[in-house]
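Given next are the chains, with one letter for each unit.
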Amino acid sequence: MDFSYDDEQQALRDAVKGLAGKAYSDYENRRRAVAEEPGFSEQVWGQLAEMGLLGLPFSEEDGGVGAGPVEVAIVCQELGRVLAPEPYLASVVLAGGLVSAVGTPEQRAEVLGALSAGESVLAFAHDEPGRRWSAQAHDVTAAQDGDSWTLTGVKDGVTVGARADVLVVSAALPGGGTGLFLVAGDAAASRESYRTPDWLRAARVTFEATAATPLGTPGQDVTASIATVQDIARVMAANEALGLMQTQLALTTSYLKSRKQFGVTLNNFQALTFRAADLYTSVELTHSVVDWATMVLATGDTGALADAAARVGLQVSRAGRHLGKESIQLHGGIGVTAEYSVGMYTARLTALDHLLGDGSHYLGALSATVFDHEDLDPLAPAGAGA
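Residues numbered from 1 in each chain as written. Predicted model: local features only at pLDDT ≥ 70, side-chain atom pairs only at ≥ 80, totals over all residues. Heavy atoms only, no water.

1. Considering the overall build of the protein chain
For the protein chain, the count of helices and strands is eleven helices and nine strands. Taken against the 2.2 N^0.38 rule, which gives 21 Å for 386 residues, the C-alpha radius of gyration of the protein chain at 22 Å falls within 12% of a compact globule. Taken across its 386 residues, the protein chain has 50% of its residues classed as buried. Partitioning the intrachain contacts of the protein chain with sequence separation of at least 6 by distance along the chain shows that 73% fall at a separation of at least 24. Split by element, the accessible area of the protein chain, about 17,300 Å² in all, is 52% carbon and sulfur. When the 26 positive and 47 negative side-chain charges of the protein chain are each reduced to one mean point, those points stand 12 Å apart. (Helix = DSSP H or I, 4+ residues; strand = E, 2+ residues; numbered from the N terminus. Rg over C-alpha atoms; globule rule 2.2 N^0.38 Å. Buried < 20%, exposed > 50% of the residue type's maximum accessible area, 1.4 Å probe, protein only. Contact = heavy atoms within 4.5 Å. Areas by Shrake-Rupley, 256 points an atom, 1.4 Å probe, with all protein chains shown as cover. Lys, Arg positive; Asp, Glu negative; His and termini not counted. Charge placed at Lys NZ, Arg CZ, Asp CG, Glu CD.)

Dropping the structure here:
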């Protein structure tokens, strides 16, 4: 596979890097943006829309740009590189991806058009108390009365759920399966916002016979579509994590080159240099796996995508934990202070690790497929088969 970017993709990277860097290259700007609701900069969100980035993955008929996964991955990497708090992954990739995959032409044009223009923020209300990382809804139920639908139950961990103009809500259907519904954000019975460990915002959203509009065909089980979009989001979350890791590695090595102990900089101590080299190896291996998973996504093979999402999720989980723990320890006490960014990079990596599945979850998914493969005799001559 050719992992190099063409001229247009490189130009996109430079443009996003310029915008994100201007907004958040100074860590204090990020701290100010997340200090109060909605937990991100509405101004930067508008600038992302002006550049066409909010509509990047959607077709032109739906008000978007019609770009591919590689372009979306570039945006995720660059936003991750500076810890940008804007909900690109949650609103564009996940919630917007579901509308694009399931919605009617009219719904896609209306909802995605507003999202692409920066006039609306979407949120996917899916996780329920005591349940996570599934493509199905259980405790939030949908009820039908003629052509009208209502939702009842509680969703938790809804990223930007208190700010969202439109909620894309999963619910258990009367006839079985999981459906998706559109609900105006202010129509929910309550939206309780709280700060997440990475200082962003999530919400607990309660529905009490709340009026809802079916997304796509009413009563249709869309569990498979939810699973596919979740896998897409897993790959894009891995791209964001890669950007985070690359910056965190740079911060750590720069600190080792500047901080002095016993009259010399820390990079003169061989043990610390070896640990930094291990971090570099983790990041480079992650880079390769993330690029591979993104290319698998670009092929459009949903079967291969599920496997790639699990593999890249496991690698990012392990590398993120390694980088987070080591970079904080190599910084010493300053690494755990809110005033210094290295700890917040670790917090964001941890949040991504738990967004759609952690390392143990992905390891379990991959382990379940072991017996789907033929036995291999390690002592057999090359090319002899199983």
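2. Overview of the layout of surface pockets
Taken as a whole, the largest pocket holds about 850 Å³ of empty space. Along the wall of the largest pocket there are 45 residues; nearest its centre are Gly 157, Thr 159, Ala 351, His 354 and Leu 355. Every element with two or more residues in the lining of the largest pocket is listed here: helix 4 (69–81), helix 5 (88–102), strand 1 (122–125), strand 3 (148–159), strand 7 (201–214), helix 7 (223–258) and helix 10 (341–353). Of the residues assigned to the lining of the largest pocket, the class counts are 26 nonpolar, nine polar and ten charged. In terms of lining residues, the second largest pocket is bounded by 20 residues, among which Pro 57, Pro 69, Ser 100, Ile 232 and Leu 297 are the most central. Contributions of two or more residues to the lining of the second largest pocket are made by helix 4, helix 5, helix 7 and helix 9 (302–331). (1 Å grid on protein atoms, 1.4 Å probe; cavity = no way out; pocket = protein on both sides within 12 Å on 5 of 7 lines; lining within 4 Å. Points joined across faces, edges and corners; volume = space filled by probe spheres on them. Nonpolar A, V, L, I, M, F, W, Y, C, P; charged D, E, K, R; others polar.)

3. Things to note about the nonpolar core
Within soluble globular proteins, side chains that are nonpolar generally end up buried alongside one another. Of all hydrophobic cores here, the largest spans 111 residues; its most connected members are Tyr 88, Leu 151, Val 168 and Leu 180. No other element matches the 14 residues that helix 7 contributes to this core. Non-local contacts of Tyr 88, meaning those with residues more than four positions away in its chain, are made with Trp 45, Leu 53, Leu 54, Leu 56, Pro 57, Val 72, Val 75, Cys 76, Leu 79 and Val 93. (Core = buried A, V, L, I, M, F, W, Y, C linked by side-chain atoms within 4.5 Å.)

4. A word on unusual backbone geometry
Going from Glu 37 to Pro 38, the amide bond is cis rather than trans, its omega being 5°. By the secondary structure assignment, Pro 38 is in the loop between helix 2 (27–33) and helix 3 (42–50). Notably, Trp 133 is not glycine yet its phi reads approximately 65°, a positive angle. A positive phi angle, near 50°, is found at Val 160, a position not held by glycine. With respect to the helices and strands, Val 160 occurs in the loop between strand 3 and strand 4 (166–172). Assessed through its relative accessible area of 6%, Val 160 is described here as buried.

5. Brief notes about the packing of helix 7 against helix 9
With their axes 9 Å apart at the nearest point, helix 7 and helix 9 run at an angle of 25° to one another. Classified by the angle their axes make, helix 7 and helix 9 are roughly parallel. As for how helix 7 packs across helix 9, the hand of that crossing is left-handed. Of the residues belonging to the contact of helix 7 with helix 9, the class tally is 17 nonpolar, eight polar and two charged. (Axes fitted to C-alpha atoms, helices over the stretch in contact; angles between N-to-C directions. Parallel < 35°, antiparallel > 145°, perpendicular 65-115°, else oblique. Left-handed = near helix turned anticlockwise from the far one by under 90°.)

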